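# A closer look at the structure
One letter stands for each residue in the lines below.
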Amino acid sequence: MKYMILSYGSQQDYDGMAGKDTGKPAWTAEEFTAMVQFMTEFNRGLEESGELIETRGLAEPVHTRRIGGKGGALVTDGPYAETQEVLAGYWIVECESFDRATEIAAQLGKCPAPAHLADTAYADVRPIAEAAPEFG
């Protein structure tokens, strides 16, 4: 079964990683390096276990374009409110169970980050549908 693990952030989080003033402590170079090293090792472990299908980090929310409205008539460019939560990255894993996918996602809680971010960080785990659901 395939699962998607989704991590979240905000424009403010991206700005803090880049060292910009956000009103909260910016990431230090050491914190950023530790985060990158953790993610590299995390991804390598999933590759070696054969569970990683794909992973990507997403560009800053300020580069987002939202399309909505009837027929896609409404197009809105970022930036969005700094506190608006957005998808920051994802992993697609293939493993034996929802519990195993949850164990994998729980490891993300070990990722180094400034305390004000680490205390509120979370990830979602969602099964990937292999076919259209049957309703009726």
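Nothing here was measured: the structure is a model prediction, and the numbers come from that model.

## Some remarks on the packing of aromatic side chains
This structure, assessed with the given rule, holds five aromatic pairs. On the basis of an interplanar angle of 25° and a centroid distance of 5.4 Å, the ring pair of Tyr3 and Phe98 is categorised as stacked. With a gap of 95 residues between them, Tyr3 in strand E1 (residues 2-9) and Phe98 in helix H3 (residues 98-106) connect regions that are remote in the sequence. Centroid distance Phe38 to Phe42: 6.0 Å. Interplanar angle 15°. Geometry classified as stacked. Remark: Phe42 and Phe38 occur in helix H2 (residues 29-49); sequence separation between them is four residues, near one turn of the helix. Pair check on accessibility: Phe38 and Phe42 agree, each one buried. Joined through ring pairs, the aromatic side chains of Phe38, Phe42 and Trp91 make up one cluster.

## Quick look at the pairing of E1
In this sheet, strand E5 (residues 86-94) lies alongside E1 in antiparallel orientation, the contact comprising eight bridges. Residue pairing in the sheet places Lys2 in a bridge with Glu94 of E5. As paired elements, E1 and strand E6 (residues 123-127) share five bridges and run antiparallel to each other. Residue pairing for E6: Leu6 is matched across the bridge by Asp124.

## So, the pattern of salt bridges
This structure, assessed with the given rule, holds four salt bridges. In this structure, Arg56 engages Glu54 in a salt bridge whose closest nitrogen and oxygen atoms are separated by 3.9 Å. With a closest N to O distance of 3.4 Å, Glu103 and Arg100 form a salt bridge. Linking Glu103 with Arg100, this pair stays in helix H3, spanning three residues, or about one helical turn. It is possible to trace a salt-bridge network through shared partners that takes in Glu51, Arg100 and Glu103.

## Brief notes about the sheet that holds E1
By way of backbone hydrogen bonds, the strands of a sheet pair with one another, either parallel or antiparallel. Ordered in space as E2-E5-E1-E6, the four strands form an open sheet in which the pairing is antiparallel. Two strands lie at the open edges of the sheet, namely strand E2 (52-57) and E6, each paired on one side alone. Across this sheet, the average inter-strand angle for adjacent strands is 20°, counted without regard to direction. Bridge count for E2 against E5 is five bridges, and the pairing is antiparallel. By the bridge assignment, Thr55 is partnered in E5 with Trp91.

## Points about the layout of surface pockets
Approximately 1,100 Å³ is the volume attributed to the largest pocket. Taken together, 41 residues make up the lining of the largest pocket; nearest its centre are Ser7, Tyr8, Gly9, Ala88 and Ala121. Contributions of two or more residues to the lining of the largest pocket are made by E1, helix H1 (11-17), H2, E2, E5, H3 and helix H4 (115-118). No other element matches the five residues that H1 contributes to the lining of the largest pocket. Taken together, the residues of the lining of the largest pocket break down into 22 nonpolar, 14 polar and five charged.

What counts as what
Residues numbered from 1 in each chain as written. Predicted model: local features only at pLDDT ≥ 70, side-chain atom pairs only at ≥ 80, totals over all residues. Heavy atoms only, no water. Phe/Tyr/Trp six-rings, centres within 6.5 Å; stacked < 30°, edge-to-face > 60°. Helix = DSSP H or I, 4+ residues; strand = E, 2+ residues; numbered from the N terminus. Buried < 20%, exposed > 50% of the residue type's maximum accessible area, 1.4 Å probe, protein only. Pairing = 2+ DSSP bridges. Salt bridge = Lys/Arg side-chain N within 4 Å of Asp/Glu carboxyl O. Axes fitted to C-alpha atoms, helices over the stretch in contact; angles between N-to-C directions. 1 Å grid on protein atoms, 1.4 Å probe; cavity = no way out; pocket = protein on both sides within 12 Å on 5 of 7 lines; lining within 4 Å. Points joined across faces, edges and corners; volume = space filled by probe spheres on them. Nonpolar A, V, L, I, M, F, W, Y, C, P; charged D, E, K, R; others polar.

No statement about biological role is implied by the geometric values presented.
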